[in-house]
Amino acid sequence: MSINACFAADYSDARARFRDAANGAGAHLTAIQHPLRGPRGERLFTDVAWVGPADATRAIVTISATHGVEGFCGSGCQVASFGLLKAGELPAKTALIQIHAINPHGFAWLRRVNEDNVDLNRNFLDHTKPYPVNEGYEALADAILPERWDDEGRAAADAKLNAYAQQNGPAKLQWAMSGGQYSHPHGIFFGGHAPTWSNRVISRIFRERLGAMRSLGIIDYHTGLGPYGYGEIIAALPLGSPSAVRTREVLGKEVTSPDDGSSTSAPLTGVNQPALVGLVPNAVCIGLALEYGTLPVRDVLDAVRADAWLHAYGDLDSPQWRAIKATMRSAFYGDADDWRSAVWGRAEEVTRRVLAGVAAG
Ligand SMILES: [Zn+2]
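Conventions we followed
Counting restarts for each chain: residues are numbered from 1 in the order of the written sequence. Reporting of local features is limited, given that this is a predicted model, to residues whose pLDDT is at least 70; pairs of side-chain atoms are given and counted only at 80 or more, and all residues count toward the totals for whole chains, interfaces and linings. The helix and strand labels rest on DSSP assignments: H or I over at least four residues marks a helix, E over at least two residues marks a strand, and numbering proceeds from the N terminus. Note that the radius of gyration is over C-alpha atoms, with the globule rule given as 2.2 Å times the number of residues to the power 0.38. Whether a residue is buried, exposed or partly exposed is read from the other C-beta atoms within 10 Å of its own C-beta, which are placed from the backbone; 20 or more gives buried, 12 or fewer gives exposed, and intermediate counts give partly exposed. Contacts here follow a simple rule: the backbone-placed C-beta atoms of the two residues must lie within 7 Å. Between any two strands, at least two bridges found by DSSP are needed for them to pair. Given a helix with a known number of residues, its expected span is that number minus one, times 1.5 Å. For helices, the fitted line uses only the C-alpha atoms of the stretch in contact; every axis is such a line through C-alpha atoms, and the angle between N-to-C directions lies from 0 to 180 degrees. Roughly parallel means an angle under 35 degrees; roughly antiparallel means over 145; roughly perpendicular covers 65 to 115; every other angle is labelled oblique. Under this grouping Gly is polar, as are all residues other than the nonpolar Ala, Val, Leu, Ile, Met, Phe, Trp, Tyr, Cys and Pro and the charged Asp, Glu, Lys and Arg. We define the nonpolar core as any set of buried residues of the types Ala, Val, Leu, Ile, Met, Phe, Trp, Tyr and Cys, connected via C-beta atoms lying within 7 Å of each other.

> Would you take a moment to explain the overall build of the chain for this structure?
The number of helices and strands found in the chain is twelve helices and seven strands. Rg of the C-alpha trace for the chain: 19 Å, near the compact-globule value of 21 Å for 361 residues, within the 12% margin. If one aligns the C-alpha atoms of the chain with their principal axes, the spans along those axes are about 60 × 45 × 40 Å. A total of 361 residues make up the chain; the buried ones form 51% of that total. Across the chain, the fraction of contacts at a sequence separation of at least 24, relative to all contacts at a separation of at least 6, is 79%.

Here is the structure:
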């Protein structure tokens, strides 16, 4: 199967390619239906493919579409992974478990967020406690998401953002915008006020199906940060925690962390991996986000702002809808042969290294 054929044109196409490849690999497949539908009335699912023995104690777990629209990349890598790690060729007691489209609503609607405008990767925190306060976001909220998304509205909003960047540096602007916030439900990088459907589903998968695991490698596919086509290995795990240490042991110095300034990512709140690792206390875990670059970060953030504006204030059946959705797609999916082959080349290399680490763990 050619690499291009692993990557899909939309969510439903991705699901079909994933299930075909899973069946071809002899996977056991389960599907969890989402309560809502896609923009064409299509049904939405999170699919789980399990290749290898049911009583495996070691596994690679891959996750796509944590940030919906980023699923083009993750789904393509998952389809290709079925060819890399076939049943019968996996080490003893080892499984490949692929969670396809954990945020299928965002994937189908070309959004980073889910059906509640929630960023799933800011949603994994204790919702009974006071939320972290993002002071930068508070100061810039009306400029990040202006009521008008026309030339005049944007010029005023962007002037305020640019002034903030000049005063505090561009990294601080990126942190303010993307670190996560819990105060503006229509805004961007909103972490929600309760565990979302996707959070509950993936937590249940980890709790109920991975309890017997002793050694796990978790690869969560992302896009939108860093150089075009390059895959950064981000360990969004507490610095010094056993899983963070193990991830660095296995993958070496190129592992970055948002918490020590080594990553293109801002420091984040409510991320998924520490929570998921916490659900498999008997397993030694390697955990990483494989984050691929697409466009410059301000272009990506502007696409996210436009999409948030569209869903908060815009018309979901208009030429502007189509223009903003096209921008979102290209901000999170490098729909080109060179991008796809670079993405899979890196994913294949990282998967092999993680598998070696899982086998030794
Ligand atoms: Zn992402």
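> Sorry, what's going on with the pairing of strand S5 (residues 215–228) here?
For a regular strand, side chains alternate in direction, first toward one face of the sheet and then toward the other. Summarising burial for S5: twelve of the 14 residues are buried, a large majority. In terms of strand pairing, strand S3 (residues 58–63) meets S5 through six bridges, oriented parallel. Across the sheet, Ala59 pairs through a bridge with Leu216, a residue of S5. Looking at chain direction, S5 and strand S7 (residues 284–293) are connected through ten bridges and run parallel. When the sheet's bridge partners are listed, Tyr221 is paired in S7 with Leu290.

> What's the story with helix H12 (residues 337–360) in this structure? I'm lost.
Two residues of an α-helix separated by three or four positions point the same way, owing to the 3.6 residues in each turn. The end-to-end C-alpha separation of H12 is 35 Å, in line with the 34 Å expected for 24 residues at 1.5 Å each. The complete set of buried residues in H12 reads Arg340, Ala342, Val343, Trp344, Ala347, Thr351, Val354, Leu355 and Val358.

> Can you walk me through the packing of helix H5 (residues 151–168) against helix H6 (residues 170–178) in this structure?
When two helices pack together, their arrangement is given by the angle between the helix axes and by the axis-to-axis distance. The geometry of H5 relative to H6 is characterised by a closest axis approach of 6 Å and an angle of 125 degrees between their N-to-C directions. When the interaxial angle is binned, H5 and H6 end up oblique. Across from Leu161, Tyr164, Ala165 and Asn168 in H5, the residues of H6 making contact are Pro170, Lys172 and Leu173. Along the lines of polarity and charge, the residues of the contact of H5 with H6 split into five nonpolar, one polar and one charged.

> What am I meant to see in the nonpolar core here?
Nonpolar side chains in soluble globular proteins generally cluster together in the buried interior. One finds Ala59 and Leu216 to be the most contacted residues of the largest nonpolar core, which totals 105 residues. At nine residues, helix H10 (residues 297–313) tops the list of elements feeding residues into this core. Setting aside residues up to four positions removed in sequence, Ala59 forms contacts with Thr94, Ala95, Leu96, Ile97, Met213 and Leu216.

> What is the right way to look at the pairing of strand S2 (residues 43–51) in this model?
As defined by bridge partners, strand S1 (residues 28–37) adjoins S2 across seven bridges and the pair is classed as antiparallel. From the neighbouring strand, His28 faces S2, where its bridge partner is Trp50. Hairpin connection, S1 to S2: the antiparallel pair is bridged by five residues, and Gly41 has positive phi, about 80 degrees.

> When you look at the environment of Pro296 in this model, what are you seeing that I'm missing?
If you trace the backbone, Pro296 turns up in the loop between S7 and H10. For the pair Pro296 and His67, spaced 229 residues apart in the sequence, the C-alpha separation amounts to 18 Å.

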